[in-house]
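One letter stands for each residue in the lines below.
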Amino acid sequence: AQRLPEGAREAFYRNVRAAAESGWDFSSRWMRDPQSLASLETVALAPVDLNSLLYHAERTIAALRRTRDVGDDDKVAAEFEARAEARRGAITTHMWDERRGFFFDLRWAEGTRVVDRPSLAAVAPLYFGVATPAQGRRVAQRLGREFLKPGGFTTTLIKSGQQWDAPNGWPPLQWLAIEGVRRYGAAALADSARARWLALNRKVYAATGKLTEKYDVWDLSKRAGGGEYPTQDGFGWTNGVALTLSRQVAPK
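As the structure is a computational prediction, the values presented were derived from the model and not from experiment.

Cut-offs applied
Residues numbered from 1 in each chain as written. Predicted model: local features only at pLDDT ≥ 70, side-chain atom pairs only at ≥ 80, totals over all residues. Heavy atoms only, no water. Core = buried A, V, L, I, M, F, W, Y, C linked by side-chain atoms within 4.5 Å. Buried < 20%, exposed > 50% of the residue type's maximum accessible area, 1.4 Å probe, protein only. Helix = DSSP H or I, 4+ residues; strand = E, 2+ residues; numbered from the N terminus. Contact = heavy atoms within 4.5 Å. Salt bridge = Lys/Arg side-chain N within 4 Å of Asp/Glu carboxyl O.

(A) Representation of the nonpolar core in the model. Within the largest apolar cluster, 57 residues are counted, with the highest numbers of intra-cluster contacts made by F103, L120, L143, F153, V181 and L189. It is helix α7 (residues 187-208) that provides the largest number of residues to this core, a total of seven residues. Not counting residues within four places of it along the chain, the set of residues in contact with L143 comprises F102, L120, V123, L148, F153, V181 and L189.

This is the structure in structure tokens:
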């Protein structure tokens, strides 16, 4: 911020706050220039994963209303069902790129997709059942070609030095991706990603006695890194994903 003109700092800080609240702090996903944090454009983007989550929330609210003894005349349930379907249509129309076979964040004011920075956020429409069957199959195909690495799914394809970028893989995104592609019939891809991720978790644990918040899924001899703080030991979401995937029946 101190290297920017004073008049540009307020907008920069707003983009920093938005990126931090996204959970992906920080990532080339939010940066027009993947090598410059000063180019953050977070507030200009409608995120595909956030909108998929909101679709799920709207459907959940409607379903909970339907459990009440008010019958099918519940106006609140109908309102949230309509909101969910409208959002689903917007996601599958405006965030879907037919030529590239992938979902992207949308620059909402311009109506353009951020096609030069594909990310694992594209699995959210699969996990929440937003994607059409054809869209789900094509996303799974691209994930298998480009995003599946020796240790699991990579967060992005860009090595920017930020922690929510290649070569790092994050447990919550592994879960969304594995279950998302499985939902759309790509069981072999899901099983392969599951096996690679668990093998990496166990390898690091055997060497260090620790699970960590994220892993380098490109080079299994290296630790994950990047971003504004050192890789953290632990970690709740790593533990939860590893335990749940371990309990699934392994493919024969």
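(B) Fine view of the pattern of salt bridges. The full count for this structure, using the stated rule, is 20 salt bridges. Note that E58 is salt-bridged to R87, the shortest N-O span being 2.7 Å. Pair noted here: E58 is in helix α2 (residues 48-66) and R87 is in helix α3 (residues 75-94), with a separation of 29 residues, a long-range link. Judged by relative accessible area, E58 falls into the buried class, the value being 7%. R87 gets classed as partly exposed once you look at its relative accessible area, which sits at 21%. Residue E179 pairs with R182 through a salt bridge whose shortest N-O separation is 3.9 Å. On the criterion of helical spacing, the pair formed by E179 and R182 is a turn pair, its members being three residues apart in helix α6 (residues 171-183).

(C) Local environment of the environment of A199. Here A199 is to be found in helix α7. Taking C-alpha positions, A199 is 9.6 Å from P150, a pair spaced 49 residues apart along the chain.

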